[in-house]
Amino acid sequence: MQTSWRAAPPSTVGISLEAHISQQMEMSPGATGHFTSLLYQIALAAKLVDAQVRQAGLADVLGYTGDVNVQGERVQKLDTMANDTFITVIQRGQRACAIGSEELEDPILLPGGGRYAVAMDPLDGSSNIDCNISIGTIFGIYRRKSDPSVPGTLDDLLQPGTSLRAAGYLIYGSSTMLVYSTGPKFGVHGFTLDPNIGEFFLSHENIKVPQRGSTYSVNEGNTARWDEATRAWVEYLKQEDKETKRPYGARYVGSLVADAHRTLVKGGIFAYPADRKSPQGKLRLLYEANPMAFIFEAAGGRATSGKERILDIAPHQLHQRTPLIIGSPDDVATFERFAQEGGPVAETRAEPA
Ligand code: AHM
Ligand code: MG
């Protein structure tokens, strides 16, 4: 038998996502709990989607539905299930006035005075669904702009990333993780789902992206469609130079959540630049680029289209696309020098924030 009991030193062991969100709420003067409850709903929907993803090979939910989504892409069954799950849970929770989803041409505009607008990609990395590679969910939350006495409007979603109240992503991978931030002041935190208990626990507290990394992540199969500056940038990363620790290693999964998460934790750069096939870029501003940009900036990283800061872009369409370059500040600065000067550059360091 123990003769005495001593309180354990402060530790993050056993801090659930719910406890963490509640703590953050207490740190926000005037918080009413509406935002907290919306985050709980997203976490709940994510657990339901996780269960579907884990069962996918068994439950006949792999493959295509036969439909084509607004982007002209073939819809997979899991895309549809994830979309339905998030929308049902968020709608029932009554905290949102508008939901914009990659899977739906038009936003869902809700009555009931919900104070937030949610932009989301319910299942990112669709091309990887059928081969057991990490996929995920990406979301951004805005405070509504419209009058709460009427249903939400498209304009509640068409806000620049600088107006995001929170953003996050889920990875359904070798483990399931939720990473979210409510801004630089509160940091970026990662939670891992304990499948035995069905609860997310804090596993990556206050994630900071390294100042510079040693990997680049880009679909090099698109080389022939890139402009000269992008080609020169990738060639530069592949050259040998001890001082700048080149060549960089190449890592590309093809699921933004996975490529971005690795870049966030280990540093380096992820890029989906504009190319001849996708002159506006491939990724979607509101529910892919903005949430990732918000998280990277909150973790000390940077996010650019090559021409401007992602979070400053004024959206005019729900499904608008943008080039996206995110990563360690020094690595993004190097990309920008190539994009702006169109050729090789001397070693680049990010401007201090
Ligand atoms: P999705 O939302 O339909 O899954 O498409 C977005 C995905 C991203 O996850 C990933 O970064 C990119 O598309 C990969 O594109 P590509 O196959 O052209 O490299
Ligand atoms: Mg996507």
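Whatever comes next refers back to the structure up there.
It should be emphasised that the depicted structure is a prediction, and the values quoted were computed from it without experimental measurement.

Student: When you look at the coordination of the magnesium ion (ligand 2) in this model, what are you seeing that I'm missing?
Tutor: Ideal geometry at a metal centre: 109.5 degrees between donors when four sit tetrahedrally, and 90 or 180 degrees when six sit octahedrally. Bound to the magnesium ion (ligand 2) are the protein donor atoms Asp121 (OD), Asp124 (OD) and Glu288 (OE), situated 1.9 to 2.1 Å from the metal. Considered as a linear motif, the donors of the magnesium ion (ligand 2) on their single chain read D-x2-D-x163-E. Residue Asp124 is located in strand β5 (residues 116-124), and its partner Glu288 is located in helix α6 (residues 285-298); the two are separated by 164 residues in the primary sequence. Taking relative accessible area as the criterion, Asp124 reaches 5% and is therefore assigned buried. With a relative accessible area of 1%, Glu288 lands in the buried category.

Student: So what exactly am I meant to see when it comes to the environment of Gln211 here?
Tutor: Structurally, Gln211 is set in the loop between β10 (199-204) and β11 (215-217). Along the backbone, Gln211 and Asp330 are 119 residues apart, and their C-alpha atoms lie at a distance of 6.0 Å. At 2.9 Å, the side chain of Gln211 forms a polar contact with the side chain of Asp330.

Student: Help me understand the site of ligand 1 in this model?
Tutor: Lining the immediate surroundings of ligand 1 are 17 residues, of which Gly125, Asn219, Tyr252, Leu256 and Tyr272 lie closest. Within the side chain of Tyr272, a nitrogen or oxygen atom sits 2.6 Å from an oxygen atom of ligand 1. Starting from 470 Å² of accessible surface for ligand 1 in isolation, the protein chains cover 87%. Looking at the shell around ligand 1, the elements with two or more residues in it are β5, β13 (269-272) and β14 (283-284). Considered class by class, the residues forming the shell around ligand 1 number 5 nonpolar, 5 polar and 7 charged. In terms of domain composition, the shell around ligand 1 takes at least three residues from each of domain 1 (17-204) and domain 2 (215-341).

Student: Sorry if this is basic, but what is going on with the sheet that holds β11 here?
Tutor: Whether parallel or antiparallel, the strands of a sheet pair through hydrogen bonds between backbone atoms. The mixed open sheet is built from 5 strands, whose spatial order is β12-β11-β13-β17-β15. Here the strands that pair on one side only, and so sit at the sheet edges, are β12 (249-250) and β15 (302-304). Summarising the sheet, β11 and β13 pair through 2 bridges and their orientation is parallel. Within the sheet, the bridge partner assigned to Tyr216 lies in β13 and is Ile269. Docked against the sheet, α6 engages β15 and β17 (324-327), running at close to 25 degrees with respect to β17.

What counts, and at which threshold
- Residues numbered from 1 in each chain as written.
- Chains lettered and ligands numbered in written order.
- Predicted model: local features only at pLDDT ≥ 70, side-chain atom pairs only at ≥ 80, totals over all residues.
- Heavy atoms only, no water.
- Donors = N, O, S within 2.8 Å, 3.2 Å for Na, K, Ca; no water.
- Helix = DSSP H or I, 4+ residues; strand = E, 2+ residues; numbered from the N terminus.
- Buried < 20%, exposed > 50% of the residue type's maximum accessible area, 1.4 Å probe, protein only.
- Polar contact = N/O pair within 3.5 Å; in protein donor to acceptor, adjacent residues only side chain to side chain.
- Near = heavy atom within 4 Å.
- Areas by Shrake-Rupley, 256 points an atom, 1.4 Å probe, with all protein chains shown as cover.
- Nonpolar A, V, L, I, M, F, W, Y, C, P; charged D, E, K, R; others polar.
- Domains from an automatic or database assignment.
- Pairing = 2+ DSSP bridges.
- Contact = heavy atoms within 4.5 Å.
- Axes fitted to C-alpha atoms, helices over the stretch in contact; angles between N-to-C directions.

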